[in-house]
Amino acid sequence: MTPMHAGRPFRLFRNLNAKIASIPMILTALVIFVGGTAWTVFYSFTNSKLLPRASFVGFDQYERLWATPRWLVAVENLAIYGVCTLVFSLVIGFLLAALMDQKIRFENTFRTIFLYPFALSFIVTGLAWQWILNPNFGIQQVVRNLGWESFTFDPLYNADIVIYGILIAGLWQGTGLIMCLMLAGLRGIDGDIWKAARVDGIPTWKTYVFIVIPMMRPVLVTTLVIIASGIVKVYDLVVAQTSGGPGIASEVPAKYVYNYMFLAQNLGQGFAASTMMLLSVVIVVVPWAYLEFGGKRRHG
Amino acid sequence: MVEQVFRAVPDMAAVAPATSRASGLVGPSGPRPRRTFSRRNIFIYGTLFVVAIYYLLPLYVMVVTSLKGMPEIRLGNIFSPPVEITFEPWVKAWSTACTGLNCDGLSRGFWNSVRITVPSVFLSIAIASVNGYALANWRFKGAEIFFTVLVVGAFIPYQVMLYPVVIVLREIGLYGSLWGLVLVHTIFGMPILTLLFRNYFASLPEELFKAARVDGAGFWTIYLRIMLPMSLPIFVVAVILQVTGIWNDFLFGVVYTKPDTYPMTVQLNNIVNAVQGVKEYNVNMAATLLTGLVPLVIYFVSGKLFVRGIAAGAVKG
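Residues numbered from 1 in each chain as written. Chains lettered and ligands numbered in written order. Predicted model: local features only at pLDDT ≥ 70, side-chain atom pairs only at ≥ 80, totals over all residues. Heavy atoms only, no water.

S.K.: Before we move on, can you summarise the overall build of chain A with the specific residues and values?
M.R.: Of regular secondary structure, chain A possesses 14 helices and zero strands. The order of helices and strands in chain A, counted from the N terminus, is α-α-α-α-α-α-α-α-α-α-α-α-α-α. The buried share of chain A, reckoned over its 300 residues, is 51%. Relative to all contacts within chain A whose residues are 6 or more apart in sequence, the contacts with residues 24 or more apart total 64%. Accessible surface, chain A as shown: approximately 14100 Å² in total, 68% of it carbon and sulfur. (Helix = DSSP H or I, 4+ residues; strand = E, 2+ residues; numbered from the N terminus. Buried < 20%, exposed > 50% of the residue type's maximum accessible area, 1.4 Å probe, protein only. Contact = heavy atoms within 4.5 Å. Areas by Shrake-Rupley, 256 points an atom, 1.4 Å probe, with all protein chains shown as cover.)

S.K.: Any chance you could break down the overall build of chain B for me, citing the residues and the numbers?
M.R.: Within chain B one finds 16 helices and zero strands. Among the 317 residues that make up chain B, the fraction classed as buried is 50%. Residue pairs at least 24 apart in sequence account for 71% of intrachain contacts in chain B once pairs closer than 6 positions are excluded.

S.K.: So what's going on with the interface of chain A and chain B? Which residues, and what values?
M.R.: Listed by partner, the interface residues are 94 residues for chain A and 89 residues for chain B. Buried surface at the junction of chain A and chain B, both sides included, amounts to about 8300 Å², of which 76% is carbon and sulfur. Considering only the side of chain A, the residues that lose the most area to chain B are Met25, Phe33 and Trp131 of chain A, jointly responsible for 10% of the buried surface there. Across the chain A-chain B interface, the total number found is zero salt bridges. Where chain A packs against chain B, one counts 16 residue pairs in polar contact (both at pLDDT 80 or more). (Buried area = accessible area lost by both parts, 1.4 Å probe. Salt bridge = Lys/Arg side-chain N within 4 Å of Asp/Glu carboxyl O. Polar contact = N/O pair within 3.5 Å; in protein donor to acceptor, adjacent residues only side chain to side chain.)

S.K.: I'd like to hear about the UniProt feature "transmembrane region" (unreviewed entry) in chain A, residue by residue, with values.
M.R.: Residues and elements named next belong to chain A. Within this numbering scheme, the UniProt entry marks residues 21-45, 78-100, 112-132, 161-186, 207-232 and 271-291 as carrying the feature "transmembrane region" (unreviewed entry). The span residues 21-45 is 88% helix and 0% strand, and its two end C-alpha atoms sit 37 Å from each other. Note that residues 78-100 is 100% helix and 0% strand, and that its end C-alpha atoms are spaced 31 Å apart. (UniProt positions renumbered as here; feature names shortened; annotations may be inferred.)

S.K.: Which residues make up a nonpolar patch on the surface, and what are the values?
M.R.: On the surface, Leu12, Phe13, Leu16, Ile20, Ile23, Leu27, Leu30, Val31 and Val34 of chain A together with Val168 and Ile172 of chain B cluster together into a nonpolar patch covering about 920 Å² of accessible area. At the level of secondary structure, the elements contributing two or more residues to the nonpolar patch comprise helix H1 (16-21) and helix H2 (23-43) of chain A. At five residues, the largest contribution of residues to the nonpolar patch is made by H2 of chain A. Considering the arrangement of structural elements, one finds leucine 27 of chain A in helix H2. (Patch = residues over 30% accessible without salt bridge, like charges linked within 9 Å, V, L, I, M, F, W, Y side chains within 5 Å.)

S.K.: Describe the nonpolar core, listing the residues and the values that go with them.
M.R.: The biggest cluster of nonpolar side chains holds 176 residues, and the ones touching the most others in it are Phe114 of chain A together with Leu48, Tyr133, Phe188, Val255 and Tyr256 of chain B. The element best represented in this core is helix H8 (residues 162-187) of chain A, accounting for 15 residues. (Core = buried A, V, L, I, M, F, W, Y, C linked by side-chain atoms within 4.5 Å.)

S.K.: Go over the packing of helix H4 (residues 69-100) of chain A against helix H3 (residues 39-66) of chain B with me, naming the residues and quoting the values.
M.R.: It is the contact of H4 of chain A with H3 of chain B, at a shortest axis distance of 10 Å, that shows an interaxial angle of 130°. Compared by their axis directions, H4 of chain A and H3 of chain B come out oblique. Where H4 of chain A crosses over H3 of chain B, the two elements pack in a sense that is left-handed. Taking contact as the criterion, the partners of Leu96, Leu99 and Met100 of chain A in H4 of chain A are, on H3 of chain B, Phe43, Ile44, Thr47, Leu48, Val51 and Tyr55 of chain B. (Axes fitted to C-alpha atoms, helices over the stretch in contact; angles between N-to-C directions. Parallel < 35°, antiparallel > 145°, perpendicular 65-115°, else oblique. Left-handed = near helix turned anticlockwise from the far one by under 90°.)

S.K.: I'd like a rundown of the UniProt feature "transmembrane region" (unreviewed entry) in chain B, residues and numbers included.
M.R.: Within this numbering scheme, the UniProt entry marks residues 42-63, 116-136, 145-166, 178-201, 222-247 and 283-301 of chain B as carrying the feature "transmembrane region" (unreviewed entry). Within residues 42-63 of chain B, the helical portion is 100% and the strand portion 0%, while the C-alpha atoms at the span's ends are 30 Å from each other.

S.K.: Requested: an account of the packing of aromatic side chains, with residues and values cited.
M.R.: All names here are of chain A. Under the counting rule described, the total for this entry stands at 46 aromatic pairs over all chains. With a centroid separation of 5.8 Å and 50° between ring planes, the pair formed by tyrosine 235 and tyrosine 258 is classed as tilted. Within this pair, whereas tyrosine 235 is found in the loop between helix H11 (217-233) and helix H12 (236-241), its partner tyrosine 258 is found in helix H13 (residues 253-263), the two being separated by 23 residues in sequence. You can call tyrosine 235 buried: its relative accessible area is 3%. Overall, tyrosine 258 belongs to the buried group, its relative accessible area being 11%. (Phe/Tyr/Trp six-rings, centres within 6.5 Å; stacked < 30°, edge-to-face > 60°.)

S.K.: Report on the pattern of salt bridges, specifying residues and quantitative values.
M.R.: Tallying each qualifying case throughout the model produces nine salt bridges over all chains. With a closest N to O distance of 2.8 Å, glutamate 251 of chain A and arginine 70 of chain A form a salt bridge. Of this pair, glutamate 251 of chain A sits in the loop between H12 and H13 while arginine 70 of chain A sits in helix H4, placing them 181 residues apart in sequence. The exposure class assigned to glutamate 251 of chain A is buried, which follows from its relative accessible area of 2%. For arginine 198 of chain B, the salt bridge goes to glutamate 144 of chain B, with nearest N and O atoms at 3.4 Å. A residue pair is termed long-range when its members are at least 10 positions apart, and arginine 198 of chain B in helix H9 (residues 178-203) and glutamate 144 of chain B in helix H7 (residues 143-153) qualify at 54 residues.

S.K.: Go over H9 of chain B with me, naming the residues and quoting the values.
M.R.: Every α-helix carries 3.6 residues per turn, so stepping three or four residues along brings you back to the same face. Residue and element names in this part refer to chain B. Between its first and last C-alpha atoms H9 spans 36 Å; for 26 residues at 1.5 Å apiece the expected length is 38 Å, and the two agree. Methionine 190 marks the point of greatest bend in H9, at about 50°, and the proline proline 191 comes within the next four residues. Taken across its 26 residues, H9 has 19 buried, putting it largely inside the fold. (Expected span 1.5 Å × (residues − 1). Bend = angle between axes of the 7 residues up to and from the residue.)

S.K.: Please set out the packing of H3 of chain B against helix H15 (residues 281-302) of chain B residue by residue, giving values where relevant.
M.R.: Residues and elements named next belong to chain B. One can describe the packing of H3 onto H15 by two numbers: an axis separation of 8 Å at closest approach and a directional angle of 130°. Here H3 lies oblique to H15, going by the angle between them. Pair H3 / H15 crosses with left-handed handedness. Mapping the contact onto sequence places Leu59, Met62, Val63, Thr65 and Ser66 in H3 and Tyr281, Asn282, Met285, Ala286, Thr288, Leu289 and Leu296 in H15. Residue composition of the contact of H3 with H15, by class: eight nonpolar, four polar and no charged. (Nonpolar A, V, L, I, M, F, W, Y, C, P; charged D, E, K, R; others polar.)

S.K.: Give a description of the confidence of the model for chain B that names residues and reports values.
M.R.: Residue and element names in this part refer to chain B. Counting all residues, the mean pLDDT for chain B is 83, and 85% of those residues have values of 70 or more. Element-level mean pLDDT values for chain B span from 33 in helix H1 (residues 2-8) up to 94 in helix H6 (residues 107-137). Taken together, the stretch residues 1-24 has pLDDT below 50 and engages in 27 contacts with residues farther than four places along the chain or on a different chain. (pLDDT = per-residue confidence, 0-100.)

S.K.: Describe the environment of glycine 268 of chain A, naming the residues involved and giving the relevant values.
M.R.: By secondary structure assignment, the location of glycine 268 of chain A is in helix H14 (residues 267-299). When the C-alpha positions of glycine 268 of chain A and lysine 49 of chain A are compared, they lie 6.3 Å apart, and in sequence the two are 219 residues distant.

S.K.: If you had to explain unusual backbone geometry to someone new, which residues and values would you point to?
M.R.: Residues and elements named next belong to chain A. Its identity is not glycine, yet lysine 103 carries a phi of approximately 50°, on the positive side. When its relative accessible area of 41% is taken as the criterion, lysine 103 is described as partly exposed. Positive phi is not limited to glycine here, since glutamine 265 has a value of about 50°. Within the secondary structure, glutamine 265 sits in the loop between H13 and H14. Residue glutamine 265 is classed as partly exposed on the basis of its relative accessible area, which comes to 38%.

S.K.: For the environment of valine 294 of chain B, give the residues involved together with the corresponding values.
M.R.: All names here are of chain B. Structurally, valine 294 can be placed in helix H15. Along the chain, valine 294 and valine 243 lie 51 residues apart, while their C-alpha atoms are 9.0 Å from each other. In contact with valine 294, not counting residues within four places along its chain, are Phe110 and Trp247.

Below, the structure written as structure tokens:
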């Protein structure tokens, strides 16, 4: 504490408590987020198998990755799942929110019903829908018992459409949240806007499309980011509902990474695959962050 | 000063249910002539009703399936209510269902999850709230940089950091233990929680903080005596967020624990998706419901607070 005598406290010790309180954050940010990411990217250029080894093989792991059918299926599935989730949850979420915003009765009841799946884990969601979509007992069998003998609805056992079976469950779990976010956005719009539009004789749907939705831009952007960051993570749902099957038809990148890192003892492949996941997030997040924060700073 | 405090706190009420909007409407007073069965109303309520059925269906199917015996399941259809109600599947799921060689049911996973969730929630909120407070009121050079890194880091897929965290845990001797998983949940809960607390503390009037400083209160005194008592709502929101999030976690549980310490979600998945043995759908559904029960109860009890929490966290973040 000698610097104290000099009149001014030593800079590092100024505001010391706040710095101590921030140590966990600084460690997490630097060691786990920055350090861990750099470590994984670094070792994705090695041929690590059971243990990480620093013997470099250049882009070999990536070449092998993009030549593996399992990975290609996983990427394709993620693309289909991602686009469908984005479109459907935005559209359904907005339509539900618009309906809920009509000063209806029992609003709380409806919202409770729409949102409760969001409280459930993906494992529970996946297992519930696995049972409902079970061809021997579920919807298919019920419809057949009604007399329509040739009715077929077995998405989880059909390699061509299995990802849509997962999509049904995913939408069931997540649209309630989107509806709530949209509703908060709709409620945030000044009621005078609606009155003005009505005075001008603009039809309701036009008011929504040309006035309200553009005004909801901040909420829409947030929603978009939430949906997008959820899509890349999709893992538990697939594990619970299909375990990646039939065959490898419902593999997703997150599952590929887990399998190669912890089951197949092929760390290098796992690192390369996870680096590709990171890359896809960067491609989505960087333009958004630039638009959102870069733009704001310029406007002051 | 008190008024200022109160003005700042109900900030979140903006996203609360809109009964206020209907009642606070300015304009012609008195009951509005309204036809109950207009075409518009039939459309609105009809659509909402059909959608509500779609959302309720899985829960209903799970409940009725878990109350049936296996012969009834094989014969009947999944939507029909049980002819003979039996609670045997629930008992079996809780105490004797098998995962591999262990046949002590979901109860082990349940208690593991409790032992993981309670310390994780406590630790992560304690650390993040102090941290958010430091960021909001005691800014120091460089703090914002680390905070930005932290928030941006929240977008990195967990898969990228899975293995480095394994190494860190192995180095400090916590790999495979419950406390290792607690640490992982604390780390990965930090971005959203710190953001939540920082924004909340920053919305409190600064005069309050300044007055306390003039009176000679330091970092911890202000936190414990002023910030903490004023921030009960945000703490409740954080607890709800963390309990449901940690209870529902699967990825971290399966990566960082061993079969003895598997949380409930992992054990549930192992029971239901077991390859060997005859499938007992009623036991599976009972087990699934048991696992979903904790977050469901929290959801139904906390009600509006849950909605406010996720809406406030999401819209502001």
